[in-house]
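Chain and residue survey
These are the residues of each chain, in order.
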Amino acid sequence: LSIFLAWLLRDHAYPILKKIPWIDHVVGNPSPEWFGKQAVYRVSMGNFAFFGLLSFLLIGVKYKGESRAKLHQGGWFLKICLWLLFNIIPFFLPNGVASFYSHAARFGSGLFIVIQMLILLDFTHAWNDSWVSKESNAWLAGLLGITVASFGLSIAGIAVLYHYFHPAGAGKCSMNVTFVTLTLVAAILFSVISLLPKVDRGSLFPSAIIALYTVYLCFSALASEPLDYACNGMGDSMQSSNMWIGMIIALLSVVYSALRASECSESFSLEASPTSTGLTPILSAPKAVTADGKEDQEMGSNDSDDGDFEPVEYSYSFFHIVFALASMYSAMILTSWASASVEESKDSVDIGWTSVWVKIVSQWMMSALYIWTLVAPVVLKDRDFSF
């Protein structure tokens with residue numbers, strides 16, 4: 001909801017923000033698009049503060065019966081009111097605060113991109129293991145079909161990248177050609193590594209999915225090049241679609257992180273839970289005792305207080321951190337990674353060299369992380385890398 005609110009205000013908040021003196025207090029002649037970006041920063045700031053506060057208040061919550069756990073499980077009317085309040089307050093802050101937040105959001109967005117990578121790696125391995133474990137030809141055929149389709153789309157994507165981002169008459173376009181070639185080489189490299197006999201967790205299915213994602217990242221990066229750049233043969237024809245795809249992937253990452261956390265608390269927990277460490281908790285649920293001094297398990301299980309000591313299924317604090325970082329990332333997507341220009345065109349959405357390099361570096365990190373997950377168990381044999 002906050003993403004669409006920011007998107008709406010970015011395009012239509014100019015008449016309102018122009019009348020607010022502490023926002024209109026800018027050197028030069030800011031365009032309506034600049035005011036729209038100010039609205040995005042402030043909505044993002046409010047959401048970051050809201051989810052950050054919840055994350056802070058929920059640090060260390062281990063049991064569902066704790067009073068602080070109710071901040072996560074209920075109190076929806078109060079939380080909606082607080083969310084609205086946190087979205088309004090930033091509009092009373094001076095431009096300097098919004099400018100500082102826009103720069104901080106770049107770093108927070110980078111952290112969210114890393115989380116996206118880890119989520120995708122975890123997702124592909126979990127998907128592959130789940131379908132293989134069913135020991136059914138139909139499921140294996142499904143894996144094979146998706147693998148072939150993903151590799152096919154990756155190859156087609158590479159061809160499209162060479163065609164549109166090394167157009168005829170534009171010169172050598174050596175940077176674009178290098179980016180596309182490195183994408184192809186990386187995909188071939190980790191696909192071959194995944195087939196090596198010594199790689200226990202190697203499989204072509206995760207390699208195909210990661211290859212397709214790295215091709216998308218390369219496309220997204222090159223499509224973010226300035227519109228007047230001669231080697232950007234696509235121009236603004238895919239600009240809106242590029243942003244939509246980025247937003248959808250971000251939303252899916254946030255949702256999947258929450259769902260995956262509920263399945264495996266160790267994957268998204270900032271601290272060990274009582275159930276994951278094997279240690280006896282300091283407090284334990286009371287048990288009923290019979291007249292002969294023995295514990296009555298049945299009565300104890302029916303005790304209403306037992307629910308107070310039921311361990312949480314995932315880290316509530318980390319859950320809200322993911323949403324806080326996603327708020328920063330959405331602001332970067334909507335504002336071309338916090339461009340500092342006050343004379344920027346409205347057509348410039350997620351366009352600029354900052355966007356290009358953020359995405360390219362993210363792609364390199366993604367490839368390196370995946371290769372590391374393949375070779376780490378071979379190199380560090382004394383470590384447990386099981387999921």
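See the structure printed just above.
Here we come to the overall build of the protein. On a plain count of helices and strands, the protein comes out with 15 helices and 2 strands. A sequence separation of at least 24 residues applies to 77% of the contacts in the protein between residues at least 6 apart. Split by element, the accessible area of the protein, about 19900 Å² in all, is 68% carbon and sulfur.

Bringing the environment of Pro226 into the picture now. Its location among the elements puts Pro226 in the loop between α10 (204-223) and α11 (239-263). Spatially, the C-alpha atom of Pro226 lies 5.9 Å from that of Ile351, the residues being 125 residues apart in sequence. With sequence-adjacent residues up to four places away left out, Pro226 is seen in contact with Asn232, Ile351 and Trp353.

This next bit is on the side chain of Glu225. Looking at the element boundaries, Glu225 is found in the loop between α10 and α11. In this view, Glu225 contacts Phe165, Met175, Asn176, Cys231, Asn232, Ile351, Trp353 and Val356; residues no more than four positions away in its chain are not counted.

Counted at 1.5 Å a residue, the expected span for helix α8 (residues 137-164) with its 28 residues is 40 Å, and the 40 Å between its end C-alpha atoms agrees. Regarding α8, the residues found buried are Leu143, Thr147, Ser150, Ser154, Gly157, Ile158 and Leu161. Elements in contact with the buried residues of α8: α7 (95-133), α9 (174-194) and α10.

Turning our eyes to something else, we now look at the pattern of salt bridges. Within the structure shown, the criterion is met by 2 salt bridges. Measuring nitrogen to oxygen at the nearest pair gives 3.3 Å for the salt bridge that ties Glu310 to Lys64. Here Glu310 is found in the loop between α13 (297-302) and α14 (316-334), whereas its partner Lys64 is found in the loop between α4 (32-57) and α5 (70-73), with 246 residues between them in sequence. A salt bridge links Arg68 to Glu66; its shortest N-O distance comes to 3.9 Å. Of the residues examined, Glu66 reaches a relative accessible area of 22% and is grouped as partly exposed.

If you look at the biggest cluster of nonpolar residues, it comprises 66 residues, and the most contacted ones within it are Leu17, Leu161 and Phe190. Listed by contribution, the elements that provide at least two residues to this core are α4, α7, α8, α9, α10, α14 and α15 (353-379). For Phe190, the contacting residues outside a window of four places in its chain are Ser207, Ile210, Ala211, Ser367, Tyr370, Ile371 and Leu374. Leu58, Val312, Tyr316 and Phe319 belong to the second largest nonpolar core, which has 7 residues in total.

Enumeration over the complete set of coordinates arrives at 16 aromatic pairs. Between Phe50 and Phe51, the aromatic rings sit 5.1 Å apart at their centres with planes inclined by 70°, giving edge-to-face as the arrangement. Considering the side-chain rings of Phe190 and Tyr370, the 5.2 Å spacing of their centres and the 85° angle between planes classify their relative orientation as edge-to-face. One end of the pair, Phe190, is in helix α9; the other, Tyr370, is in helix α15, and 180 residues separate them in sequence. A residue is classified by how much of its surface remains accessible, and Phe190, at 0% relative accessible area, is buried. Overall, Tyr370 belongs to the buried group, its relative accessible area being 0%. Cluster of aromatic residues (ring-pair linked, three or more members): Phe50, Phe51, Phe86, Phe319 and Phe323.

What follows deals with the environment of Thr354. With respect to the helices and strands, the residue Thr354 is situated in helix α15. Using a relative accessible area of 38% as the deciding quantity, one classes Thr354 as partly exposed.

This paragraph deals with the packing of α4 against helix α6 (residues 76-88). Two numbers describe how α4 lies on α6: the axes approach to 7 Å, and their chain directions differ by 140°. By the angle class used here, α4 and α6 are oblique. Regarding α4 and α6, the two cross each other, and that crossing is right-handed. On the side of α4, the interface is formed by Val43, Gly46, Asn47, Ala49, Phe50, Leu53 and Leu54, while α6 contributes Lys79, Leu82, Trp83, Phe86 and Asn87.

Looking at the element boundaries, Leu374 is found in helix α15. Among the residues examined, Leu374 registers a relative accessible area of 2% and is labelled buried. The spatial distance from the C-alpha of Leu374 to the C-alpha of Asp200 is 7.9 Å, given a sequence separation of 174 residues.

We now examine a nonpolar patch on the surface. On the surface, Leu182, Trp353, Trp357, Val361, Trp364 and Met365 cluster together to form a nonpolar patch covering roughly 530 Å² of accessible area. Broken down by element, the nonpolar patch gets its largest block of residues, 5 residues, from α15. Considering the arrangement of structural elements, one finds Trp357 in helix α15. On the basis of relative accessibility, which here comes to 39%, the residue Trp357 falls in the partly exposed class.

Rules of the game
- Residues numbered from 1 in each chain as written.
- Predicted model: local features only at pLDDT ≥ 70, side-chain atom pairs only at ≥ 80, totals over all residues.
- Heavy atoms only, no water.
- Helix = DSSP H or I, 4+ residues; strand = E, 2+ residues; numbered from the N terminus.
- Contact = heavy atoms within 4.5 Å.
- Areas by Shrake-Rupley, 256 points an atom, 1.4 Å probe, with all protein chains shown as cover.
- Expected span 1.5 Å × (residues − 1).
- Buried < 20%, exposed > 50% of the residue type's maximum accessible area, 1.4 Å probe, protein only.
- Salt bridge = Lys/Arg side-chain N within 4 Å of Asp/Glu carboxyl O.
- Core = buried A, V, L, I, M, F, W, Y, C linked by side-chain atoms within 4.5 Å.
- Phe/Tyr/Trp six-rings, centres within 6.5 Å; stacked < 30°, edge-to-face > 60°.
- Axes fitted to C-alpha atoms, helices over the stretch in contact; angles between N-to-C directions.
- Parallel < 35°, antiparallel > 145°, perpendicular 65-115°, else oblique.
- Left-handed = near helix turned anticlockwise from the far one by under 90°.
- Patch = residues over 30% accessible without salt bridge, like charges linked within 9 Å, V, L, I, M, F, W, Y side chains within 5 Å.

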